[in-house]
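Now for the letters of each chain:
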Amino acid sequence: MNDEKIETNARPVDFIREAVEADLQSGRFDRVHTRFPPEPNGYLHIGHVKAITIDYGIAEDFGGLYNLRFDDTNPVKEDVEYVDSIMEDIRWLGYDWEDRLYYASDYFGQLYDWAVELIKQGKAYVCDLSADEVREYRGTLTEPGTDSPYRNRSVAENLDLFERMRAGEFPDGSRTLRAKIDMASPNINLRDPVMYRIIHEAHHRTGDAWCIYPMYDWAHGQSDSIEGISHSLCDLAYEDHRPLYDWYLDQLGIHHPRQIEFARLVLSHTVLSKRFLRRMVEEGLVSGWDDPRMPTLSGLRRRGYTSTAIHAFCDMIGVAKRNSMVDIAMLEYCIRQELNETAPRVMGVLRPLKVVIENYPEDRVEMFDARNNPVDPEAGSREVPFSRVIYIERDDFLEDPPKSFHRLAPGREVRLRYAYFITCTGVVKDESGEVVELRCTYDPETRGGSAPDGRKVKGTLHWVSAAHAVPAEVRLYDRLFTVEDPMGLEEGQDFLHYLNPNSLEVLTDCRVEPSLVSATVGDRFQFERQGYFCVDPDAAEGWLVFNQTVQLRDTWAKIQQRDA
RNA sequence: UGGGGCGUGGCCAAGCGGCAAGGCGGCGGACUUUGAAUCCGUAAUUCGUAGGUUCGAAUCCUACCGCCCCAGCCA
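Predicted, not measured: the structure shown is a model, and the values here were computed from it.

### Here's the deal with the protein's contact with RNA strand B
(1) Moving on: Taken together, 64 residues surround RNA strand B, and among them Arg-345, Arg-407, Arg-417, Gly-448 and Thr-555 come closest.
(2) Moving on: Across the atoms of RNA strand B situated within 4 Å of the protein, the share located in sugar and phosphate is 64%.
(3) Moving on: Here a sugar or linking oxygen of RNA strand B and a side-chain polar atom of Asp-71 are 3.1 Å apart.
(4) Moving on: Residue Ser-404 places a main-chain N or O atom 2.8 Å away from a base nitrogen belonging to RNA strand B.
(5) Moving on: Those elements that provide at least two residues to the surface near RNA strand B are α5 (131–138), β6 (194–198), α11 (307–317), α12 (328–342) and α13 (555–563).
(6) Moving on: For the surface near RNA strand B, the residue count by class is 25 nonpolar, 19 polar and 20 charged.

Right, dumping it as structure tokens:
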């Protein structure tokens, strides 16, 4: 009687995949072909990754193809620097567009011919209105627009004028080519939208072959059509543009892809807008597009994020039409989860506090076997040197601790990971009263970290042998903004108002275990009890520089906060 | 007051008329030589609100409320 349904648990389902499936079923399309159409005017950020994984992921799921197409229709904003970085980022994500790399600018000739065709059909005209006048004639959200006085020029005149626009006879802004649709449409996009504007500016690919450039709406659908795209997936912002997308394709009678819109990613505590990210770069608020605090792919990569973690994140957030804000904690969870499995463990002291173990022989050095990764037996182990003088983390000692503090304090005993139990017997302070050194004793019976008499200690500390440790620089990062939604601005406020002044902390007096001398740029580690770190490109021969990718979850910090 | 969308626990998100998945976060506990990881347990008598249809609704209908987007010769 209890015939439970069998979970097929196949690919993730969402409304777009359902629609695509239905289109295949109904025969509207017999294959799936998508595209990712970035404008080369900035670096890709995590929000773009969501779009890419939808575009490309769906093509893969349905055994289809996907293209990379640069939407380079505005020479004043675009640059090759960006096309290079975009390709690098997409490849890093693991996608291969093979030979299907295109540029909207490849289609300028075809687009021009189609525009001529629309003019001949009486569906497009050259308009002499200035930008301001166009705006006035457009009407408002509640009032219809009024026809341009140039709306009814003859086909011959339009053809002549358009030809001369192209030939460069007119200055920027003096004329446009407009589609003749409906100035009274409740959808403002249909009130005779501009198809071409005059821009006397060299284009990064076509040079000065053109001085008229197509608008997004005129270029996009036709480009999709030329490439045989089946499903043109985009941001909710383009929902209002779909009628126009459809209109152009219908007038031309060419292959007609289906546009489907989804909600773009909004991530808490950061900003995902090329415009604002560029501003932070230009104003020097961050070190560049690849600053590890940036939500750009190059920033995340430098920070130590892996592409698999980013993919896991995209799977986790889903695809829907609801405007939502994803908690950045989800992203952090994804990278922790992966690094927990893969990152070798290592000991590194960020803020060193000297500890002298008084009953440990002056010249003795022992090697302790340390597991490289407790969750991965295959990872093996390494040796870590121990001696009389060591460094521990300043935060691991409190002179007058609360009972909930499981670490070192006068008279308390803790375990040094993989080494011995030590007990704090004395505190050395400087003139200002600051603790500069601890005196301790160790119990030789606890070698390896456990006591033969079975006594327990609550705390286990990481440490490093003073004589053997290697100095390093560590860069700690925090959220770029102090509030969840930096864009949720108060009246007259700038989003930079919410910039977190403490998003970067550079520690130059760190000490890490000697096994790290051979670490190279990009290597990732877990500094036990602290977090995940990777070697930054700034590292040089003899000087290690680590970026904190993400902290370990910190229950103690939570307890402190709660009790504070 | 035009048009287009969207409203399910703190945050994402399934659900497609038959009796509210899952994940993140939180909380409680177990375990622990990382206060990590792991492991259990835990929260919507309720799906924006109000009506209606139905034996039965988050799912259908109506009205209302709220939020987002659109008046670039940006994309």
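### Concerning the domain arrangement of chain A
(1) Moving on: Looking at the assigned domains, one finds that chain A contains domain 1 (15–262), domain 2 (267–344 + 473–563) and domain 3 (348–461).
(2) Moving on: Put simply, the middle of domain 2 and the middle of domain 3, counted by C-alpha atoms, are 30 Å apart.
(3) Moving on: If you look at the interface, domain 2 gives 23 residues, while domain 3 gives 23 residues.
(4) Moving on: Roughly 1800 Å² is buried in total at the junction of domain 2 and domain 3, and carbon and sulfur atoms are behind 48% of that figure.
(5) Moving on: Note that Arg-417 and Glu-528 form a salt bridge whose closest N and O atoms lie 2.2 Å from each other.

### Quick word on the sheet that holds strand β7 (residues 212–214)
(1) Moving on: Sheet architecture is open: four strands sit in the order β4-β5-β6-β7, paired in antiparallel fashion. Only two strands of the sheet have a single neighbouring strand rather than two, namely β4 (124–127) and β7. Between one strand axis and the next, the sheet turns by 20° as a mean value, whatever way the strands run.
(2) Moving on: As judged from the three bridges shared by strand β5 (residues 176–179) and β6, these two strands associate in the antiparallel manner. Across the sheet, Thr-176 pairs through a bridge with Arg-197, a residue of β6.
(3) Moving on: Strands β4, β5, β6 and β7 of the sheet are contacted by helix α4 (residues 108–120), whose axis makes an angle of about 120° with β6.

### Considering the pairing of strand β21 (residues 470–477)
(1) Moving on: Taking burial as the measure, the eight residues of β21 include seven buried ones, the bulk of the element.
(2) Moving on: Here β21 runs beside strand β22 (residues 504–512); their pairing, made up of seven bridges, is antiparallel. Bridging across to β22, Arg-475 finds its partner in Val-506.
(3) Moving on: Judged from the four bridges that link them, β21 and strand β25 (residues 544–551) form a sheet pairing that is parallel. Directly across from Glu-473, in β25, lies its bridge partner Val-545.

### Regarding the packing of α4 against helix α6 (residues 155–167)
(1) Moving on: Between α4 and α6, the least distance of the axes is 9 Å, while the angle of their chain directions is 160°. When the axes of α4 and α6 are compared, the pair comes out roughly antiparallel. Every pair of crossing elements has a handedness; the one defined by α4 and α6 is right-handed. Side by side, α4 and α6 meet where Tyr-112, Ala-115, Val-116, Ile-119 and Lys-120 of the first sit next to Val-155, Asn-158, Leu-159, Phe-162, Glu-163 and Arg-166 of the second.

### Some remarks on unusual backbone geometry
(1) Moving on: Backbone geometry at Asp-192 places phi at a positive 45°, although glycine is not the residue there.
(2) Moving on: With respect to the helices and strands, the residue Asp-192 is situated in the loop between β5 and β6.
(3) Moving on: For Asp-192, a relative accessible area of 1% corresponds to the buried category.
(4) Moving on: For Arg-529, which is not a glycine, the phi torsion comes out positive at approximately 70°.
(5) Moving on: Mapped onto the elements, Arg-529 comes out in the loop between β23 (524–527) and β24 (531–535).
(6) Moving on: Arg-529 gets classed as partly exposed once you look at its relative accessible area, which sits at 34%.

### A word on a nonpolar patch on the surface
(1) Moving on: On the surface, a cluster of nonpolar side chains totalling about 270 Å² of accessible area is made up of Met-316, Met-330 and Tyr-333.
(2) Moving on: Inspection of the secondary structure puts Tyr-333 in helix α12.

### A closer look at the side chain of Asn-372
(1) Moving on: Note on placement: Asn-372 falls in the loop between β13 (366–371) and β14 (381–386).
(2) Moving on: At a separation of 3.3 Å, a polar atom in the side chain of Asn-372 contacts the main-chain amide nitrogen of Ser-381.
(3) Moving on: Residues in contact with Asn-372, not counting those within four places in the same chain, are Ala-343, Pro-344, Arg-345, Ala-379, Gly-380, Ser-381 and Arg-382.

### Observations concerning the side chain of Asp-396
(1) Moving on: By the secondary structure assignment, Asp-396 is in the loop between β15 (389–393) and β16 (413–416).
(2) Moving on: A relative accessible area of 2% places Asp-396 in the buried class.
(3) Moving on: A distance of 2.3 Å separates polar atoms of two side chains, one belonging to Asp-396 and the other to Arg-529.
(4) Moving on: In this view, Asp-396 contacts Phe-405, Arg-407, Leu-408, Leu-461, His-462 and Arg-529; residues no more than four positions away in its chain are not counted.

Calculation rules
- Residues numbered from 1 in each chain as written.
- Chains lettered and ligands numbered in written order.
- Predicted model: local features only at pLDDT ≥ 70, side-chain atom pairs only at ≥ 80, totals over all residues.
- Heavy atoms only, no water.
- Near = heavy atom within 4 Å.
- Polar contact = N/O pair within 3.5 Å; in protein donor to acceptor, adjacent residues only side chain to side chain.
- Helix = DSSP H or I, 4+ residues; strand = E, 2+ residues; numbered from the N terminus.
- Nonpolar A, V, L, I, M, F, W, Y, C, P; charged D, E, K, R; others polar.
- Domains from an automatic or database assignment.
- Contact = heavy atoms within 4.5 Å.
- Buried area = accessible area lost by both parts, 1.4 Å probe.
- Salt bridge = Lys/Arg side-chain N within 4 Å of Asp/Glu carboxyl O.
- Pairing = 2+ DSSP bridges.
- Axes fitted to C-alpha atoms, helices over the stretch in contact; angles between N-to-C directions.
- Buried < 20%, exposed > 50% of the residue type's maximum accessible area, 1.4 Å probe, protein only.
- Parallel < 35°, antiparallel > 145°, perpendicular 65-115°, else oblique.
- Left-handed = near helix turned anticlockwise from the far one by under 90°.
- Patch = residues over 30% accessible without salt bridge, like charges linked within 9 Å, V, L, I, M, F, W, Y side chains within 5 Å.
- Areas by Shrake-Rupley, 256 points an atom, 1.4 Å probe, with all protein chains shown as cover.

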